[in-house]
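Residues per chain are reported as follows:
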Amino acid sequence: MDEEMLARLREEVRMQAPPFGTHGFEHVDRVFDACLHIGLVEKANLDILLPAALLHDIAREEENHAQAGAEKAKPILHRYDQPEKTIEAITAAIASHSFSGKKPPETLEAKILSDADKLDALGAIGVYRTAEYSGEHARPIEDFVAHFHEKLLKLEGLLFTEEANRMARGRTQYMKDFLVQLGKELSQET
């Protein structure tokens, strides 16, 4: 997909997605940037990876959002005159990017998309997004803290690429330090 098409696709996704929120366009934009960085380091096919990054959450509100997003992406990619083989590769990456999905990523591009999506749940941004989600769903602080232990602190061990693992180390440590400080403040130890 050439740069002009990619820019048009980005604008189309931006217009459809909410601008903010845990899975708003700001999230899509960060995942796109992470995919570009990791894709360059890992020598991925950016014609597959970058459209997949833009489209990865287009069906976020649906039950199995990854598989539903892959299906929803097909007609969009056809409108952009993408070859069938390219569409298959892009939608395979979308279908397998989700933490909660049952389909493991197989291609390098699918692994990078999965990694980039997970990286956006780590570090200071991960803390922000978890707090934002808790506010959106009226979760108490106990559930906020539990989410770190049930999911976020496990993400580093689920990454596929060397570059994503390098990026995740500091982010995971930041979250551990945050939880220690939060625990102190909640118990009035500070």
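Residues numbered from 1 in each chain as written. Predicted model: local features only at pLDDT ≥ 70, side-chain atom pairs only at ≥ 80, totals over all residues. Heavy atoms only, no water.

The predicted model of the protein averages 94 in pLDDT, with 98% of residues at 70 or higher. For the protein, the element scoring lowest by mean pLDDT is helix α4 (residues 65–79), at 94; helix α3 (residues 46–55) scores highest, at 98. (pLDDT = per-residue confidence, 0-100. Helix = DSSP H or I, 4+ residues; strand = E, 2+ residues; numbered from the N terminus.)

Grouped together as the largest cluster of nonpolar side chains are 51 residues, with contacts concentrated most on L9, C35, L55 and L113. Mapped by element, the contributors of at least two residues to this core are α1 (3–16), α2 (25–42), α3, α4, α5 (84–95), α6 (108–119), α8 (141–150) and α9 (162–186). Excluding its chain neighbours within four sequence positions, the residues that come into contact with C35 are L40, L49, L50, A53, I112, L113 and A116. (Core = buried A, V, L, I, M, F, W, Y, C linked by side-chain atoms within 4.5 Å. Buried < 20%, exposed > 50% of the residue type's maximum accessible area, 1.4 Å probe, protein only. Contact = heavy atoms within 4.5 Å.)

What follows concerns the environment of E106. With respect to the helices and strands, the residue E106 is situated in the loop between α5 and α6. Residues E106 and I94 lie 12 residues apart in sequence; the distance between their C-alpha atoms is 11 Å.

The terminal C-alpha atoms of α5, which comprises 12 residues, lie 16 Å apart, in line with the 16 Å expected from a rise of 1.5 Å per residue. Of all the positions in α5, only T86, I87, I90, T91, A93, I94 and A95 are classed as buried. Looking at the buried side of α5, the elements it contacts are α3, α4 and α6. (Expected span 1.5 Å × (residues − 1).)

When two helices pack together, their arrangement is given by the angle between their axes and by how far apart the axes lie. Taken N-terminus to C-terminus, the directions of α2 and α3 make an angle of 165°; their axes are 8 Å apart at the nearest point. If you check the angle between α2 and α3, you find them roughly antiparallel. Read as a crossing pair, α2 and α3 show a hand that is right-handed. Seen from α2, the contacting residues are V28, V31, F32, C35, L36, G39 and L40; seen from α3, they are L46, L49, L50, A53 and L54. (Axes fitted to C-alpha atoms, helices over the stretch in contact; angles between N-to-C directions. Parallel < 35°, antiparallel > 145°, perpendicular 65-115°, else oblique. Left-handed = near helix turned anticlockwise from the far one by under 90°.)

Take the pattern of salt bridges next. Under the defined criterion, the tally for this structure stands at 9 salt bridges. Where R60 meets D57, a salt bridge forms, and the shortest distance between an N and an O atom there is 3.9 Å. Given the relative accessible area of 29%, R60 is considered partly exposed. A residue is classified by how much of its surface remains accessible, and D57, at 7% relative accessible area, is buried. Residues joined in a network through salt bridges with shared partners are R30, D120 and R129. (Salt bridge = Lys/Arg side-chain N within 4 Å of Asp/Glu carboxyl O.)

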